[in-house]
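Overview (structure and organization)
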Amino acid sequence: MKRHFVIFCLLIISLKLQSQNLGTISGKIFSNETGLILEGATIQIENSNFFSITDENGYFQINNVPTSSYNITASFVGYKSLTLYNVIIKSVGNQSLQFSLDQSTEILDEVVVIQSPFKTSLETPLSTQTFSAIEIETYPGGNNDITRVIQSLPGISPSVGGFRNDIIIRGGGPNETVYYLDGIEIPNINHFSTQGSSGGPVGLINVSFIKDVTLSTSSFGAEYDNALSGVLSFEQKEANIERISGNFRIGSSEAGLTFEGPINIFNNKETSFIFSVRRSYLQFIFKAFGFSFLPDYWDYQMKIKHKIDDFNYLNFIGIGSIDELTVNESNEFNFENESTIEQIPIINQRSRTFGLSWKRIFKNKSGFFNLSISNNMLENNFERFQNNLSRVDPTFINISNEEETKIRFISTKNLKKFKFSYGGNFQLSDYINKYEYNYYNIYYNTKINFIKYGLFIKGSGLFLDDKLGISLGFRVDQDNFTLNNDFFENFSPRLALSFIISEDNKWKLNFSSGRYFKIPTYTSLGFKNLNNIFLNKTSKYTISDHIVGGIEFNWSESSRLTLELFNKKYTNYPVSVLDGVSLANKGGDFEVLGNEEILTIGKGKSYGLEFLYQQKLKNNFYGILSYTLFYSKFSGLDKVYFPSVWDNRHILSFTGGYKLKKNWELSSKIRYTGKTPYAPVDIFSSVKSYPEIIFDYSKLGNYYLTEFTKLDIRIDKRWNFKSTSMNFYIDIENLLMNEIPIPPEYGLERDQNQNIVNPRNLIEVISDNRNSIIPSIGFVFDF
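First, a word on what this report is: a plain description of the structure on this page. Predicted model, so just to flag it, every value in this text is computed and none were measured.

1. Observations regarding the environment of Phe426
Positionally, Phe426 belongs in strand β26 (residues 418–437). Its relative accessible area of 39% is what places Phe426 among the partly exposed residues. Each C-alpha atom of the pair Phe426 and Thr405 lies 8.3 Å from the other, and the pair is 21 residues apart in sequence. If sequence neighbours within four positions are ignored, Phe426 has contacts with Thr405, Lys406, Ile407, Ile451, Lys452 and Tyr453.

Written out as structure tokens, the structure reads:
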């Protein structure tokens, strides 16, 4: 024992002796309007004497910087200065910094114009939030899961029970957001995703790839189709072009390895790569503790970028997953576990997206052209059996495959104070499904393929001495499968205004309005009756009309206050003929959404106000305080409005952190959610359909979950050595030990010998572990 202690002490001393408290940062600076590099730009580390000047390739490097957190500013004559906040400099593993500077209309040399760190534009002047990779990595309760972090943004309702990553924006449904990775659409960002929706329990995107993430909850660009409530855009970082490097991450549920570096085919560092693979180990932990289900998943992600010349770039991306959910019989009988084993689906799911984009910068420096082609696939085998252990006597079968091939192009021209863009998209869709639902006597095989296409035009400009910004745009969409959908009937206009109302440019009024369309899901379009007839072919595109107005106060260069009023109105929303309820109330669980007859006669409305205070890193502190008050209602077959299952009414949250000395960091998140409506279980029908559970949506609005307050804290400590750096963190969720509210769950009643009682009856499952503190630890090793 003494020998082991001595060895441990010698190891610690060795690490201390090899500690490296200096790091290097590097990156590029380029014009946001043209994409061209800026030679001679200045990079300054705040409150220090460290600075650099970009070379002829727009590249900079600063050496021997003490390891810590900094704000770093880039400036160039004729452009607005831009500061990147909370940049953590380590001895090894620093991300390449990319500064995209906006041109300034000020012509006086002594005037210093600051570019806002809060990512907005004339087209999206409000309802926009951006997170950097550092903010995601240190987010309390996030476990480096990007989609879990997004869930905590203003106006995002938590999923019921809080165990899923559904993106539910301002009272809309969970399938109303689209996702883009480096401009390539990815239909799925979660493991074990809900087909027809998008949520799942674990995020798919690796934070080691990310530069920043932007969520627009209104006023999104005309180039995006099929979005009703939001656009979530992931921008990947630039790879290390100097040498091979990477990191190894291990968290509470998975371990991952990432490599990046140059591909020196021509020995010119014009080609780089990033590649990662992650593997879960939850299935081993769950089996060891006797849990009733075993989630097993892999994922991979890649990026290859090649510079053809100063005006042409190629970017290849790929992302995919392998997911399996099985059941596990415990050695000892437990009623809760047994009910889960009987009801949980057996899932075997595969997903992938590959895309190639070509960006051409116009040689007259007036804009750029972008062309992309991509292919994505979701293979979803979703089954439930009378006996899930032996997998005999199926009660529900969904064996399906969705595949899309997409071509997109966009051309952008900059004319001094004006910007003009146009483009289009072409999509080939293939969908096959074998579907059986015994209780409702639904059996069919389907195979459909069709094309979907769209065009858009948008423009923006500055007026009244740059005080007034105006953006106009529209798009049209159509397909050759649905009937009675006219090309110009799906006309989608949008308008955005931004007006500076104070001399110091700190106060601003913002406004946006737009109409957005979404085609019904493949699961709905491919649904057939027993006569082999497509029942939903006449479905209309869902319409969402947004009106948002707000006031913004930029308190300082690093902080802002916003207050927004929003109103969303839905028409043509799909309504379930079977349940009589809007599909907006579904899609937030392990299920298949849309595999039923629908009528696009539903309506919905969501309206409210949203307050936000955001502080970027200043005096070692950063934070976000937000409050959303909203109402969310949808109508069904009876055309009567009822509160939706996302009508939390009140969402109050604060997230912040403080940088301590010696690379310690403390952060916390507290979030309050109001009472949430839910549809109770129809006991009578569920006894007959078991293990399928039937909900009584006619009673929606009569039953509510209690309000819930959740406190998470996180502690980070970083060590830096000569050839590696390490980050260790402790994450503690639900520190207040409040009970997580979920709707009542039921299982088959049993006698004293654990045999099912006849006639069968359902009784409530009582769980005693919904108010537990959830601790976890993790390591990140950079090399």
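Now that the structure has been shown, the text picks up again.
2. Quick notes on the sheet that holds strand β1 (residues 22–31)
Sheet strands pair via backbone hydrogen bonds, and the direction of the pair is either parallel or antiparallel. Spatially, the three strands line up as an open sheet ordered β4-β1-β7, and their pairing is mixed. Two strands close off the open sheet at either side, each with one partner strand: β4 (59–66) and β7 (97–101). Pairs of neighbouring strands in the sheet enclose a mean axial angle of 25°, with direction left out of account. The sheet contact formed by β1 and β4 spans six bridges and is antiparallel. Paired with Gly27 across the two strands is Phe60, which belongs to β4.

3. Re the nonpolar core
In terms of nonpolar packing, the biggest core is built from 27 residues, with Ile146, Ile150, Ile205, Val213, Leu232 and Phe234 touching the most fellow members. Of all the elements in the fold, those that place two or more residues in this core are α3 (146–150), β12 (177–181), β16 (210–216), β17 (230–236) and β22 (312–327). Discounting residues that sit within four places of it in the chain, Leu232 has contacts with Ile150, Thr177, Val178, Tyr179, Tyr180, Ile189, Val213, Thr214 and Leu215.

4. Quick look at the pattern of salt bridges
Where charged atoms from two side chains of opposite charge come close, those side chains can pair. Here the structure, examined in full by the defined rule, presents 45 salt bridges. The salt bridge involving Glu185 is made with Lys406; its shortest N-O contact spans 2.6 Å. Placement of the pair is Glu185 in strand β13 (residues 184–185) and Lys406 in strand β25 (residues 392–415), with a sequence separation of 221 residues. Taking the relative accessible area as the measure of exposure, Lys406 reaches 5% and is therefore buried. Of the charged contacts, one joins Asp712 and Lys669 as a salt bridge, the two residues approaching to 3.3 Å between their closest N and O atoms. Of this pair, Asp712 sits in strand β40 (residues 708–720) while Lys669 is found in strand β37 (residues 664–673), placing the two residues 43 residues apart along the sequence. You can call Asp712 buried: its relative accessible area is 0%. According to the relative accessible area criterion, Lys669 is buried, its value standing at 9%. The structure contains a network of salt bridges with shared partners spanning Glu185, Asp225, Glu404, Lys406, Arg408, Lys452, Arg475 and Asp477.

5. A look at the side chain of Ser208
Here Ser208 lies in the loop between β15 (202–203) and β16. Owing to a relative accessible area of 3%, Ser208 belongs among the buried residues under this scheme. For Ser208, the side chain forms a polar contact with the side chain of Asn247, separated by 3.2 Å. In this structure Ser208 touches Lys237, Asn247, Arg249 and Thr258, once residues within four positions along its chain are discounted.

Thresholds applied
Residues numbered from 1 in each chain as written. Predicted model: local features only at pLDDT ≥ 70, side-chain atom pairs only at ≥ 80, totals over all residues. Heavy atoms only, no water. Helix = DSSP H or I, 4+ residues; strand = E, 2+ residues; numbered from the N terminus. Buried < 20%, exposed > 50% of the residue type's maximum accessible area, 1.4 Å probe, protein only. Contact = heavy atoms within 4.5 Å. Pairing = 2+ DSSP bridges. Axes fitted to C-alpha atoms, helices over the stretch in contact; angles between N-to-C directions. Core = buried A, V, L, I, M, F, W, Y, C linked by side-chain atoms within 4.5 Å. Salt bridge = Lys/Arg side-chain N within 4 Å of Asp/Glu carboxyl O. Polar contact = N/O pair within 3.5 Å; in protein donor to acceptor, adjacent residues only side chain to side chain.

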